[in-house]
Amino acid sequence: TAARNAGLNIGVYFYSYATTAAAASREADLCLSYIKGKKFEYPVYFDFEDPGANSRNGNTAYSICRAFMDKVSAAGYLTGLYGYAGWMDAQNYGGAWGPIDSIFGNKYELWMANYYDSNGAHFRDNYSRRFGMYQYTSTNVVNGRNVDTNMCFKDYPSIVKKYGFNGYARTEQAPQGALDG
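Described in the following lines is the structure provided in the data block. (Residues numbered from 1 in each chain as written. Predicted model: local features only at pLDDT ≥ 70, side-chain atom pairs only at ≥ 80, totals over all residues. Heavy atoms only, no water.)

## Some thoughts on the overall build of the protein chain
Secondary structure summary: the protein chain contains nine helices and six strands in total. Scored against the burial criterion, the 181 residues of the protein chain give a buried share of 44%. Within the protein chain, counting contacts between residues at least 6 apart in sequence, those at least 24 apart form 61% of the total. (Helix = DSSP H or I, 4+ residues; strand = E, 2+ residues; numbered from the N terminus. Buried < 20%, exposed > 50% of the residue type's maximum accessible area, 1.4 Å probe, protein only. Contact = heavy atoms within 4.5 Å.)

## Concerning helix 2 (residues 21-35)
Given a rise of 1.5 Å per residue, 15 residues ought to cover 21 Å, and the 21 Å separating the end C-alpha atoms of helix 2 matches this to within 8%. Three or more residues of helix 2 are buried, namely A23, A24, S25, E27, A28, C31, L32 and I35. Looking at the residues trailing helix 2, positive phi occurs at G37, about 80°. (Expected span 1.5 Å × (residues − 1).)

## Section: the packing of aromatic side chains
Remark: the centre distance and the inter-plane angle together describe each pair of aromatic rings, the angle taken between the planes. This structure, assessed with the given rule, holds eleven aromatic pairs. Considering the side-chain rings of Y13 and Y82, the 5.3 Å spacing of their centres and the 65° angle between planes classify their relative orientation as edge-to-face. Note that Y13 is positioned in strand 1 (residues 12-15) and Y82 in strand 3 (residues 79-84), a separation of 69 residues in sequence. Classification of Y13 as partly exposed rests on a relative accessible area of 40%. Judged by relative accessible area, which is 4%, Y82 ranks as buried. Relative to F48, the ring of F46 lies with its centre 5.7 Å away and its plane at 15°, an arrangement referred to as stacked. Residue class for F46 comes out buried when judged on its relative accessible area of 0%. The structure contains a cluster of three or more aromatic residues connected by ring pairs, namely Y13, Y45, Y82 and W111. For K39, the ring lying beneath its charged end belongs to Y168, and the centroid distance is 5.0 Å. (Phe/Tyr/Trp six-rings, centres within 6.5 Å; stacked < 30°, edge-to-face > 60°. Lys NZ or Arg CZ within 6 Å of the ring centre and 35° of its normal.)

## Some details on the layout of surface pockets
Quantified by volume, the largest pocket comes out at close to 380 Å³. Residue lining of the largest pocket: 14 residues in total, with N9, G11, Y42, W111 and M133 positioned closest to the centre. Elements with a minimum of two residues in the lining of the largest pocket: strand 1 and strand 6 (145-152). Ranked by residue count, the leading element in the lining of the largest pocket is strand 6, at three residues. Of the residues in the lining of the largest pocket, the class split is eleven nonpolar, three polar and no charged. (1 Å grid on protein atoms, 1.4 Å probe; cavity = no way out; pocket = protein on both sides within 12 Å on 5 of 7 lines; lining within 4 Å. Points joined across faces, edges and corners; volume = space filled by probe spheres on them. Nonpolar A, V, L, I, M, F, W, Y, C, P; charged D, E, K, R; others polar.)

Written as structure tokens, this is what we have:
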């Protein structure tokens, strides 16, 4: 409410403890109950970084992520995954568990955390067409407190409103691949 009253665009971030697809589906139901009837301008992100959850093998991780994101997406929300580079980007970080191309294709948004690239130059050069948001630190100070700090590479408020996600009425039909890049 305070963010909305301050004129800020808002989104949803759901931290998962799911270790099975069934648990992720229940978490999706819980998330949907929290956001029912609300409008917001950024995606619903599934935060799948809990060590008990994301230590699963690729097939299990795939099932967990898809169970949550498919259900939330089917309810009309722009949906995505939040996670850190070490398990979202096998090409550049090696050993990533998540088969992100098969999980996402062009259907889901991606928000990567990588605190080793604090100015974002490497990220902009290598990822900004694939990932819509980038979290580069958790130690930026605002009013004396450490906060996570992010860059956004997509105009999510326009996308959400134009294509009718997150409680907004659609004003245009999304063309194939409209949300990538």
